[in-house]
Number of protein chains: 2
Amino acid sequence: MKDRYLDFVNSPFGMSIARSLGLPRPEVLRRQRADQAEFGGMAAIGAGPAPALFDDLMGVLCAIGMTSIAHESASGWLTVAARHGAMSGRFEPRTRDALATDRVQALIFDATGIEEGHQLHALYAFFHDALRSLGKNGRIVVLGRPPASRAGVPAATAQHALEGMVRSLGKEARNGITSNLLRVAEGADFESALRFFLSPRSAYVSGQVVTIDAPSVAPESWAKPLAGKRALVTGAARGIGASIATVLAGHGAIVTGLDVAASRDALDQTMLSIEDASPSGGAHAALVADIAAPEAPAEIAAALGQAGGIDIVVHNAGITRDKTIARMTGEMWDSVIDINLLAQERIDEILLGQDVLRAGGRIVAVSSISGIAGNRGQTNYATSKAGVIGRVHAMAPLLRGRGITINAVAPGFIETHMTARMPFGVREAGRRLNSMGQGGLPVDVAETVAWLASPGSAGITGNVVRVCGQSLVGA
Amino acid sequence: MKDRYLDFVNSPFGMSIARSLGLPRPEVLRRQRADQAEFGGMAAIGAGPAPALFDDLMGVLCAIGMTSIAHESASGWLTVAARHGAMSGRFEPRTRDALATDRVQALIFDATGIEEGHQLHALYAFFHDALRSLGKNGRIVVLGRPPASRAGVPAATAQHALEGMVRSLGKEARNGITSNLLRVAEGADFESALRFFLSPRSAYVSGQVVTIDAPSVAPESWAKPLAGKRALVTGAARGIGASIATVLAGHGAIVTGLDVAASRDALDQTMLSIEDASPSGGAHAALVADIAAPEAPAEIAAALGQAGGIDIVVHNAGITRDKTIARMTGEMWDSVIDINLLAQERIDEILLGQDVLRAGGRIVAVSSISGIAGNRGQTNYATSKAGVIGRVHAMAPLLRGRGITINAVAPGFIETHMTARMPFGVREAGRRLNSMGQGGLPVDVAETVAWLASPGSAGITGNVVRVCGQSLVGA
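Residues numbered from 1 in each chain as written. Chains lettered and ligands numbered in written order. Predicted model: local features only at pLDDT ≥ 70, side-chain atom pairs only at ≥ 80, totals over all residues. Heavy atoms only, no water.

Caption draft 1: Layout of the pairing of strand 2 (residues 67–70) of chain B. Residues and elements named next belong to chain B. The pairing of strand 1 (residues 42–47) with strand 2 spans four bridges and is classified as parallel. Along strand 2, the bridge assignment pairs Met 42 with Thr 67. In this fold, the crossover linking strand 1 to strand 2 by way of helix 3 (residues 54–64) has right-handed handedness. In terms of strand pairing, strand 2 meets strand 3 (residues 88–90) through three bridges, oriented parallel. In the strand pairing of strand 3, Ala 70 is matched with Arg 90. (Pairing = 2+ DSSP bridges. Helix = DSSP H or I, 4+ residues; strand = E, 2+ residues; numbered from the N terminus. Right-handed = clockwise from strand over helix to strand, strands pointing away.)

Caption draft 2: Region of interest: the side chain of B:Ser278. All names here are of chain B. Relative to the assigned elements, Ser 278 resides in the loop between helix 9 (264–277) and strand 10 (285–288). The exposure class assigned to Ser 278 is buried, which follows from its relative accessible area of 13%. With residues near it in sequence (within four places) discarded, Ser 278 still touches Ala 249, Gly 250 and His 284. (Buried < 20%, exposed > 50% of the residue type's maximum accessible area, 1.4 Å probe, protein only. Contact = heavy atoms within 4.5 Å.)

Caption draft 3: Quick look at the relation of the copies chain A and chain B. The two copies are related by a screw operation: chain A maps onto chain B through 180° of rotation and 0.0 Å of translation along the axis, at an RMSD of 0.0 Å. The superposition operator between the copies reduces to a two-fold rotation axis. Among all residues of chain A, the minimum C-alpha distance to the rotation axis is found for A:Gly474, at 1.8 Å. In this assembly the copies share their binding face: 100% of the residues contributing to the interface of chain A also contribute to that of chain B. (Least-squares fit on C-alpha atoms with pLDDT ≥ 70 in both.)

Caption draft 4: Highlighting the sheet that holds strand 14 (residues 464–467) of chain A. Residue and element names in this part refer to chain A. Pairing in this open sheet of seven strands is parallel, and the strands run 10-9-8-11-12-13-14 from one edge to the other. A strand with exactly one partner marks an edge of an open sheet, and here the two such strands are strand 10 (285–288) and strand 14. For this sheet, the mean angle separating the axes of adjacent strands, direction not counted, is 20°. Sheet topology places strand 8 (residues 230–234) next to strand 11 (residues 310–315); three bridges connect them, and they run parallel. Following the sheet pairing, Val 233 is matched in strand 11 by Val 314. (Axes fitted to C-alpha atoms, helices over the stretch in contact; angles between N-to-C directions.)

Caption draft 5: Summary view of the environment of B:Ser199. Relative to the assigned elements, B:Ser199 resides in the loop between helix 7 (191–198) and strand 7 (209–212). Owing to a relative accessible area of 0%, B:Ser199 belongs among the buried residues under this scheme.

Caption draft 6: Fine view of the interface of chain A and chain B. Listed by partner, the interface residues are 66 residues for chain A and 66 residues for chain B. For the pair chain A and chain B, the summed buried surface comes to about 5,200 Å²; carbon and sulfur atoms form 63% of the total. Here chain A and chain B share zero salt bridges between them. Counting across the interface, chain A meets chain B through 32 residue pairs in polar contact (both at pLDDT 80 or more). (Buried area = accessible area lost by both parts, 1.4 Å probe. Salt bridge = Lys/Arg side-chain N within 4 Å of Asp/Glu carboxyl O. Polar contact = N/O pair within 3.5 Å; in protein donor to acceptor, adjacent residues only side chain to side chain.)

Caption draft 7: View of the sheet that holds strand 5 (residues 134–144) of chain B. Residue and element names in this part refer to chain B. In space, the seven strands of this open sheet follow the order 3-2-1-4-5-6-7, with parallel pairing throughout. Two strands in the sheet have a free side with no partner beyond their single neighbour: strand 3 and strand 7. Shown here is a sheet whose adjacent strand axes are inclined to one another by a mean of 25°, direction ignored. Pairing between strand 5 and strand 6 (residues 178–184): six bridges, direction parallel. Within the sheet, the bridge partner assigned to Gly 144 lies in strand 6 and is Arg 183.

Right, dumping it as structure tokens:
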């Protein structure tokens, strides 16, 4: 479904109409393109007292080719830059006249050393001076610590307070700007997360809080972080699942796409187009199975085991059977719970039990903002998707010992065939009631999955990441 | 500010207009009135396998004078009723014709024994049959277990899944019906919470998940649960604070209302009207202090210490200084952080350090949905209110040893002088974008505070309870 409003107000004619009528004009989000560099431009750096991550941050910026300038709150940055042999300069707050030309691409604030509430003033000082200098599709990333890891109540309090700041900035910034908080435990590696949140790949991910609490290793190539990895994607024939399979393959993975027999043609097409775009010499595979069938998990495990096991499982397959509860049949309830939730349990049980999912593996489950906030007419769906989140919370600690992570992505309003069939009012509300003023695309979910599936994301487990453009809708 | 739309569509004339135009007609919420019984009518009971709380639940229903009928999912209920010498009967799903007359006031589901996802079907069966039988201002309460307390991933998963069900039901039910989930740990007492969520006192609290994880004692009188308790309420001169002071006094507490010198007249008036309504023989007191002043905490502690200490602290005082961050002054940032967050830290430090807040005490801090979701133009306010939540999380475990609980309430759109000054569009959006289709009243926040402050709520700590009518807006 095309978002005609978005197209219109961004056309030369529509732009002038929108301006004269005072209509909102959502930004056309910049997404990753093969013919454009992923990173570039300049980051402005701010900090509270005793920023702990300057060295690592500088290392990442050098690696991705971003230059930097230091706000006065980040006085130590220039020393760190010099140590890395990197050019850096001072950030000067822009006058309104200078704004049109001289933009930065990212505002990064190291808040790890903030241990008291009054030190939060440094956030104010930085974003007060710098927010207007942030260009379209810019990125705000605040680096903090997990509150529970802090000694003392004031430090835990101040670290939690960062949430309110990051989410408010996301709502103020507009212009396709995202704002996210990374809670980095001591000794944890945040390069994978920082790259994702600075990249166009996170175009529709804003207002999120991600905890990174373990060391990680860099992938051999950040351009193909999944090279050599094997992935299973359920529900891969169409929509979000097809996009996940495509993006994982683009990141270097060998993908087995699974779907039901009725979708065999679409699945074959998807896998063929993936093979064209990301040749594997025929190693990408289509697997036809009905995950509702009792024998399916064993069949899946056998098929994947023959190929030597897998590294990534993406539980994407899901169905909706919407009705208010009084009109819902028992079959509508059971089938949604079974396919969206219990099938994940059955498949993981055998993949983990038989070590088909290898040590260091990644499980990414697709939940939904309905699973967080509930939804009218979706008692079955919301219950199943809340269950997915519960499963991620419960399993994450159990899988740490094997180096396996499990996380959920929770899509908001994503433009698919499903949303195209919604009544106009519901669709428009879903599209506009978020900080981006538009729906997301399947690729936005897919890129988020790929990030969580990366070898570099070993320190990220038990998280729920919404891909919702900072939807207003929440619990 | 009057909600003229709500009044209009509930007038005889407006009702017929609304019906013919298909306009939404939010229900006038039933709130606690001195001349009406708090409880009454009939509860329909449903359950999953092995419901653990039937006995306690029956005890509470008998105590509050509610009768009950058992859905077929709750087959053991009749035996329990017989043991308690209570009348009970079978719930029969109503036909559409019978609906107009034969309503129940509450749907209560014991989900504590649900340990696998397919057992969630019992929730479907019960609410499918029973939701239409629930009358206006009815109550849905689901009793579950804290997911982390369950042995095994499927049980934790299923318990978390209840969230999606309860929140969806809240969005479907309408007519002033609330829907909430109580996670009751083994050995914990939920009577205080159950009474609150069945009562008109929780009129504007829906979609909430409350964890109760410790034993408690019943207050000597459920009618005056705070009898003999002394309470401090900051920001008591007007609005939500005045309502909190009034309601705590109504529940039997002796209240010290605190506000700044500039509000002295309003504070005196409030305390006088409280004395009229809930005579204390002059023990209710007004305390004038500026909590931003460095000497204030010691002065407050001295004043309260002289009276023999206190049992309840309600951190309600707060200010807003709204501006987008680029236009905000440093003073606007600092004053909001200081008064909304740091003053709470300073006051608690001395009250706890000098044991002015007695063992078994209660701290209730007023946060905001802005502190959960962020808000445009409120970086300072949202940061301070997120900090309040962080503080509750951090302090709760530390205070358990002294029997002191700490919880936050997070108001959504509450009708006050502040909201009356909002632009029309913003005000209407705030009023309508929630499951009740209207703003809440200060008394809704106050009753929630009083419940958390009750001796019966000893098992409730570290919770954040939104008083928002299940606002759409969330993180």
